[in-house]
Amino acid sequence: MELDEATVTSILRVIDLTGVAGMAVLGGALARTHRLDAFGFVTLAILSGMGGGMIRDALLGQGPVAALTDGAYLLTALIAAAVIYLVRIEGRWWDRTWPVIDALALGCWAVVGTQKALAAGLGWLPALFLGTLTAVGGGAVRDVILNKVPSILGGNTLYASCAILASGVVIAFGVLDLPTLGSLVGLVVGATVCLVARARGWRLPEGYEPSLTRAGAHTLELGRRLRGSARLPLRVVRRMEHDGPPDPSRH
């Protein structure tokens, strides 16, 4: 039997705060890896834990974002930052724990973002977009702050794809008028696929890159070696990479 709207809202809020705590912890862990100070811990925890939701709420344009009107969100991120700052977490148990936290947070936010978009009266495609954005937006912003290419853009196991899948499950159950069950199933599906993808190394195929001919590859490698050893002018090296090495018979 479906729960009433107030109960559904409370469940989603708990799920949302759980995701904030989990990703704030991961943000703090990255702050330690990069040897940041206390302010750096707080900044990365807030960005990781609330960035995606804040972007989502801003796009929905329904007033101040939830992370600022509901003090529980900011407080949760700050507590997580304080814990990870004061307690050094590392070792085998952490290596096994953080992927689970990450996967659960992904599923949580994909579900919450999708439900909020549907509640705002948006169609299935915008809901899919906002659900995915909620799940991966905070991590992307955090990576940019750390001067890294956001991990969701490639070179890693499936992540954004898992959020899309979780969001799609929520939308499908919404069509069946089973939002609560859809939220739970979407969370489980998104988190499970994320963990399996990490364990099995599932990745999306990279973009097509035409292969070089043997002569072209040899010339490119020669140009790179000359650039590093002979210190030729860059314009000369680039010309060699484009046209090939000079022909001795011409001289």
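None of these values were measured; they are calculated from a predicted model. (Residues numbered from 1 in each chain as written. Predicted model: local features only at pLDDT ≥ 70, side-chain atom pairs only at ≥ 80, totals over all residues. Heavy atoms only, no water.)

**Details of the confidence of the model for the protein**
Thinking step 1. Here the protein averages 82 in pLDDT, while 78% of its residues score no lower than 70.
Thinking step 2. Mean pLDDT values for the elements of the protein range from 53 in helix H10 (residues 234–243) up to 95 in helix H7 (residues 160–175).
Thinking step 3. Here residues 245–251 scores under 50 on pLDDT; set against residues more than four positions off or in separate chains, the count is four contacts. (pLDDT = per-residue confidence, 0-100. Helix = DSSP H or I, 4+ residues; strand = E, 2+ residues; numbered from the N terminus. Contact = heavy atoms within 4.5 Å.)

**Some words on unusual backbone geometry**
Thinking step 1. Phi at Arg35 is positive, roughly 55 degrees, even though this residue is not glycine.
Thinking step 2. You can see Arg35 is positioned in the loop between helix H1 (5–33) and helix H2 (38–60).
Thinking step 3. Phi at Asn147 is positive, roughly 60 degrees, even though this residue is not glycine.
Thinking step 4. Mapped onto the elements of the fold, Asn147 is located in the loop between helix H6 (124–145) and H7.
Thinking step 5. When its relative accessible area of 73% is taken as the criterion, Asn147 is described as exposed. (Buried < 20%, exposed > 50% of the residue type's maximum accessible area, 1.4 Å probe, protein only.)

**Observations regarding helix H8 (residues 179–200)**
Thinking step 1. With 22 residues, H8 should reach 32 Å at 1.5 Å per residue; the first-to-last C-alpha distance of 31 Å fits that figure.
Thinking step 2. Three or more residues of H8 are buried, namely Thr180, Gly182, Ser183, Gly186, Leu187, Gly190, Ala191, Cys194 and Ala197. Taken around the axis of H8, the buried residues stretch over an arc of 165 degrees, which confines them to a single face. Exposed residues lying more than 90 degrees from the buried face of H8 are Ala199 and Arg200.
Thinking step 3. Just past H8, the residue Gly201 takes up positive phi, approximately 75 degrees. (Expected span 1.5 Å × (residues − 1). Arc of directions from axis to C-beta.)

**Brief notes about the side chain of Ser183**
Thinking step 1. The residue Ser183 is located in helix H8 in this model.
Thinking step 2. Owing to a relative accessible area of 2%, Ser183 belongs among the buried residues under this scheme.
Thinking step 3. Engagement of the side chain of Ser183 in a polar contact is seen with the side chain of Gln115, the distance being 2.7 Å. (Polar contact = N/O pair within 3.5 Å; in protein donor to acceptor, adjacent residues only side chain to side chain.)

**Focus on the packing of aromatic side chains**
Thinking step 1. Under the counting rule described, the total for this entry stands at one aromatic pair.
Thinking step 2. Taken together, a centroid distance of 5.0 Å and an interplanar angle of 80 degrees make the contact between Phe41 and Tyr85 edge-to-face. Of this pair, Phe41 sits in helix H2 while Tyr85 sits in helix H4 (residues 71–86), and the two are 44 residues apart along the sequence.
Thinking step 3. The class for Phe41 is buried, based on a relative accessible area of 3%.
Thinking step 4. Residue Tyr85 is classed as partly exposed on the basis of its relative accessible area of 40%. (Phe/Tyr/Trp six-rings, centres within 6.5 Å; stacked < 30°, edge-to-face > 60°.)

**Here we look at the environment of Gly27**
Thinking step 1. Looking at where Gly27 falls in the secondary structure, it is placed in helix H1.
Thinking step 2. What makes Gly27 buried here is its relative accessible area of 0%.
Thinking step 3. Separated by 54 residues in sequence, Gly27 and Ala81 have C-alpha atoms that sit 8.0 Å apart.
Thinking step 4. Residues contacting Gly27, with those up to four places away along its chain left out, are Leu44, Ala45, Ser48 and Arg142.

**With respect to the nonpolar core**
Thinking step 1. Formed by 42 residues in total, the largest nonpolar core has its most connected members in Leu106 and Ala135.
Thinking step 2. Of all elements in the fold, only H1, H2, H4, helix H5 (92–119), H6, H7 and H8 reach the threshold of two or more residues within this core.
Thinking step 3. Beyond its immediate sequence surroundings of up to four residues, Ala135 is in contact with Leu106, Trp109, Ala110 and Ala163.
Thinking step 4. Residues Leu60, Ala117, Leu133 and Ile171 belong to the second largest nonpolar core, which totals seven residues. (Core = buried A, V, L, I, M, F, W, Y, C linked by side-chain atoms within 4.5 Å.)

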